[in-house]
Amino acid sequence: MKKVSSALLSVYYKDGLEPIVRLLHEQGVTLYSTGGTQTFIEQLGIPVTAVEDLTGYPSIFGGRVKTLHPTVFGGILYRRNLPEDVAQAERHRIPAIDMVVVDLYPFEETVASGASAEDIIEKIDIGGISLIRAGAKNFADTLIVSSRNQYADVLQILTEKNGATNLDDRRRYAQEAFATTSHYDTAINTYFLGDSAPGDKNTSEGVVLRYGENPHQQATFHGDLDAMFDKLHGKELSFNNLVDVDACIQLIDEFDDSSAAFAIIKHTNACGVATAPTPKEAYLNALACDPVSAFGGVVVTNKPVDLETAEELNKLFMEILIAPDFAPEAQALLQSKKNRILLRRKPVTMPTKLVKTILNGILEQDKDNRTETGADFKVVTQKAPTESEVRALEFALKVCKHTKSNTIVLAKEGQLLASGVGQTSRVDALKQAIEKAHSFGFDLAGSVMASDAFFPFPDCVEIAGNAGITAVVQPGGSIRDQDSINYCDEHGLAMVTTGVRHFKH
């Protein structure tokens, strides 16, 4: 165990820093800082020593050289267990620095913004990346915090261990620090390569996974997960994790941010989806759809996770939770489960093509980017759906589009009730959905039904009508469409067609 007695803080992003600063101050830690971070700490009313006062040398060249000094790097790198290092530190009046909190200039964000070449070059961090490497190299003595994503975890460690860290803590943070510097340098390299950069950018060789879909299969991921997510906590993503995460992202992106949305995925199919005014309500409604299948699933939301929602989420065993952000106290609670993976999404442009190996070649197709709304609905029955039913049908279609064929989705406005998934018969898919909805206590009276393809016979609408379903959406196009329409007219159901099929194999 190593007690933190001094810390150097120099960060670009100040959000989430205050609790760290206050805890270190409460624990009697001497604080060193520079520039804007120093001003931030001083404005909190907490004493801090300027690095310039420590080194006796000012910040020069427009801030390009601030911390690059033997006193700073000596304090981080000298080995506390070597008498000769300790003696040199004392002779040169180099104080120990036990903890380094530093992040990097936003190089990738600056490139993405379309900034000038001059501005981009100025966002190549020199001092910060050097501090990270130094702190990581001497993890035997120094804790290196290289990302604001780690703040919640650091707070928990320093609180629980009364201001100390163990070797496992410091080694883990060193590994994450080197991952940060590796990604950063690769991004810079990619920028300088320009159009000559390889298609996979910094992942041309791929990331070797533990195994593939099954333990006897080898697997590699070719892509840039760091561009999509900040991994805040948990074990490494597996092949099956990645497949489910992709399914989560594809589905949740169907919902805008006008209301909170939650989806729970199991084997790429939704076992719970809901929208509601608050994240907590949306999550509980999604979970109610199938709390049995939700066990061990992957959960995604389009809203930041607050503490109230986290308290409910923490009751469920889940593999992965994906969100645009996490409140610090929510993140700390959710990290109480050692292996639970927490991913914070970043804005990124997704591919527009889908590629699949088949036989002795590959298939390539456009992504299914069509999502029909009420404006696309063609009412084909005497009875038109109500406004509420239209909204429910729109919701059901979003889920249906991302569910394995043959599929039937049953829903009400803002909540999935059940789905029949991957059946060879559409009738079987409907029966499966009805049985599942009843097993979890849902009354289907007044609910709606969506089908990924047309009804070749009227049996599906007959079964649906008997179950209490009142509105149906389907592509249409069967030579026997009229049989289904006639049944709906005779029994008071509303049916709309879209002219768009959504098979998913």
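Residues numbered from 1 in each chain as written. Predicted model: local features only at pLDDT ≥ 70, side-chain atom pairs only at ≥ 80, totals over all residues. Heavy atoms only, no water.

Asks: Mind showing me how you'd approach the overall build of the protein chain here?
Replies: In terms of regular secondary structure, the protein chain is built from 19 helices and 23 strands. The long-range fraction of contacts in the protein chain, counting pairs at least 24 apart against all pairs at least 6 apart in sequence, stands at 56%. Side chains of the protein chain carry 49 positive and 66 negative charges; the gap between the two charge centres is 4 Å. (Helix = DSSP H or I, 4+ residues; strand = E, 2+ residues; numbered from the N terminus. Contact = heavy atoms within 4.5 Å. Lys, Arg positive; Asp, Glu negative; His and termini not counted. Charge placed at Lys NZ, Arg CZ, Asp CG, Glu CD.)

Asks: Help me understand the pattern of salt bridges, please; the structure alone is not making it clear to me.
Replies: Pairing between side chains of opposite charge can happen when their charged atoms approach one another. All chains considered together, the criterion is met by 22 salt bridges. Lys231 is the partner of Glu236 in a salt bridge, and the nearest nitrogen-oxygen pair spans 3.9 Å. Note on Lys231: relative accessible area 35%, which makes it partly exposed. Between Lys353 and Asp366 there is a salt bridge, and its shortest N-O distance comes to 2.5 Å. Here Asp366 lies in strand β17 (residues 361-366) and Lys353 lies in strand β16 (residues 353-358), a separation of 13 residues in the sequence. A residue is classified by how much of its surface remains accessible, and Asp366, at 51% relative accessible area, is exposed. (Salt bridge = Lys/Arg side-chain N within 4 Å of Asp/Glu carboxyl O. Buried < 20%, exposed > 50% of the residue type's maximum accessible area, 1.4 Å probe, protein only.)

Asks: Looking at this structure, I do not really get the nonpolar core. What am I missing?
Replies: Soluble, globular proteins show a tendency: their nonpolar side chains are buried together. Counting residues in each nonpolar core, the largest one holds 43 residues, and the members touching the most others are Val245, Val273, Ile320, Ile322, Leu343 and Leu416. Residue contributions to this core peak at eight residues, all from helix α16 (residues 387-401). Here Ile322 is in contact with Phe229, Val245, Cys248, Ile249, Val298, Val299, Val300, Thr301, Leu343 and Arg345, once residues within four sequence places are set aside. Membership of the second largest hydrophobic core comes to 26 residues, among which are Ile20, Val29, Ile41 and Leu155. (Core = buried A, V, L, I, M, F, W, Y, C linked by side-chain atoms within 4.5 Å.)

Asks: What's the story with the pairing of strand β11 (residues 260-266) in this structure? I'm lost.
Replies: In regular strands, side chains alternate between the two faces of the sheet. Summarising burial for β11: six of the seven residues are buried, a large majority. Adjacent in sequence and paired antiparallel, β11 and strand β12 (residues 269-276) are bridged by two residues, among which His267 carries a positive phi angle near 50°. (Pairing = 2+ DSSP bridges.)

Asks: Sorry, what's going on with the packing of aromatic side chains here?
Replies: Between two aromatic rings, the relevant description is the distance of the centres plus the angle of the planes. All chains considered together, the criterion is met by eight aromatic pairs. Judged by centre distance (6.0 Å) and plane angle (70°), the ring pair of Tyr12 and Tyr105 falls under edge-to-face. You can see Tyr12 sitting in the loop between β2 (6-10) and α1 (18-26) and its partner Tyr105 sitting in the loop between β5 (99-102) and α6 (107-112), a full 93 residues away along the chain. Taken together, the aromatic side chains of Phe107, Tyr184, Tyr191 and Phe192 make up a single cluster linked through ring pairs. Over the ring of Tyr78 we find Arg80, and its NZ or CZ is 4.5 Å from the ring centre. Across the ring face of Tyr13, the terminal group of Arg148 is positioned such that the distance to the ring centre comes to 4.0 Å. (Phe/Tyr/Trp six-rings, centres within 6.5 Å; stacked < 30°, edge-to-face > 60°. Lys NZ or Arg CZ within 6 Å of the ring centre and 35° of its normal.)

Asks: How should I be thinking about the sheet that holds β5 in this particular structure?
Replies: Paired through backbone hydrogen bonds, the strands of a sheet run either parallel or antiparallel to each other. What the five strands build is an open sheet, ordered β4-β3-β2-β5-β6; its pairing is parallel. Edge positions in the sheet fall to β4 (49-50) and β6 (143-145), since each of these pairs with one other strand and no more. Sheet topology note: the β5/β6 ladder contains three bridges and is parallel. For Val101, the partnering residue across the bridge sits in β6 and is Val145. Lying over the sheet, helix α2 (residues 35-43) contacts β2, β3 (30-33) and β4, oriented at roughly 140° with respect to β3. (Axes fitted to C-alpha atoms, helices over the stretch in contact; angles between N-to-C directions.)

Asks: When you look at the environment of Val472 in this model, what are you seeing that I'm missing?
Replies: Here Val472 lies in strand β22 (residues 471-474). Among the residues examined, Val472 registers a relative accessible area of 0% and is labelled buried. Taking the C-alpha atoms as reference points, Val472 and Ile120, separated by 352 residues in sequence, lie 54 Å from one another. Excluding residues within four positions of it along the chain, Val472 makes contact with Leu393, Met449, Phe455, Leu493, Ala494, Met495 and Val496.

Asks: When you look at the packing of helix α9 (residues 151-160) against helix α10 (residues 167-193) in this model, what are you seeing that I'm missing?
Replies: Two measures define how a pair of helices packs: the angle their axes make with one another and the distance between the axes. At their nearest, the axes of α9 and α10 sit 12 Å apart, and the two run at 165° to each other. As far as their axial angle goes, α10 and α9 are roughly antiparallel. Here the hand of the crossing between α9 and α10 comes out left-handed. Taking contact as the criterion, the partners of Asp153, Val154 and Ile157 in α9 are, on α10, Asp169, Arg172 and Tyr173. (Parallel < 35°, antiparallel > 145°, perpendicular 65-115°, else oblique. Left-handed = near helix turned anticlockwise from the far one by under 90°.)

Asks: Please explain the environment of Leu68 as it appears in this structure.
Replies: With respect to the element layout, Leu68 can be found in the loop between α3 (51-55) and α4 (70-77). Judged by relative accessible area, which is 38%, Leu68 ranks as partly exposed. Through-space distance from the C-alpha of Leu68 to that of Gly28 is 26 Å; in sequence the pair is 40 residues apart. Contacts of Leu68, omitting those with residues within four sequence positions, involve Phe73, Ile126, Gly127 and Ser130.

Asks: Looking at this structure, I do not really get unusual backbone geometry. What am I missing?
Replies: In terms of backbone geometry, most residues other than glycine have negative phi values and most peptide bonds are trans. Here the bond from Ser405 into Asn406 is cis, since omega is -10°, no more than 30 degrees from zero. Inspection of the secondary structure puts Asn406 in the loop between α16 and β19 (408-412). For Thr268, which is not glycine, the phi dihedral falls at a positive 70°. Structurally, Thr268 is set in the loop between β11 and β12. The class for Thr268 is buried, based on a relative accessible area of 12%.

Asks: Any chance you could explain α10 here in plain terms?
Replies: Each α-helix winds once per 3.6 residues, and so residues spaced three or four apart point in a common direction. The first and last C-alpha atoms of α10 sit 39 Å apart over 27 residues, in line with the 39 Å expected at 1.5 Å per residue. The N-terminus of α10 is capped by Asn166, whose side-chain oxygen sits 3.1 Å from the backbone nitrogen of Asp168. (Expected span 1.5 Å × (residues − 1). Polar contact = N/O pair within 3.5 Å; in protein donor to acceptor, adjacent residues only side chain to side chain.)

Asks: Before we go on, may I ask you to explain the packing of α4 against helix α8 (residues 127-137) in this structure?
Replies: In the contact formed by α4 and α8, the axes pass within 8 Å of each other and the chain directions differ by 25°. As judged from the angle between their axes, α4 and α8 are roughly parallel. Residue-level contacts link Val72, Phe73, Ile76 and Leu77 of α4 to Gly127, Ser130, Leu131, Ala134, Gly135 and Lys137 of α8. Among the residues making up the contact of α4 with α8, the classes are represented as six nonpolar, three polar and one charged. (Nonpolar A, V, L, I, M, F, W, Y, C, P; charged D, E, K, R; others polar.)

Asks: Would you explain the pairing of strand β21 (residues 448-451) in this entry?
Replies: Of the two faces of β21, the one holding Val448 and Ala450 and the one holding Met449 and Ser451 are both buried throughout. Pairing of β21 with β22 involves three bridges; the strand directions are parallel. Each bridged residue has a counterpart across the sheet, and for Met449 the counterpart in β22 is Val472. For the crossover from β21 across helix α18 (residues 459-467) to β22, the handedness is right-handed. (Right-handed = clockwise from strand over helix to strand, strands pointing away.)

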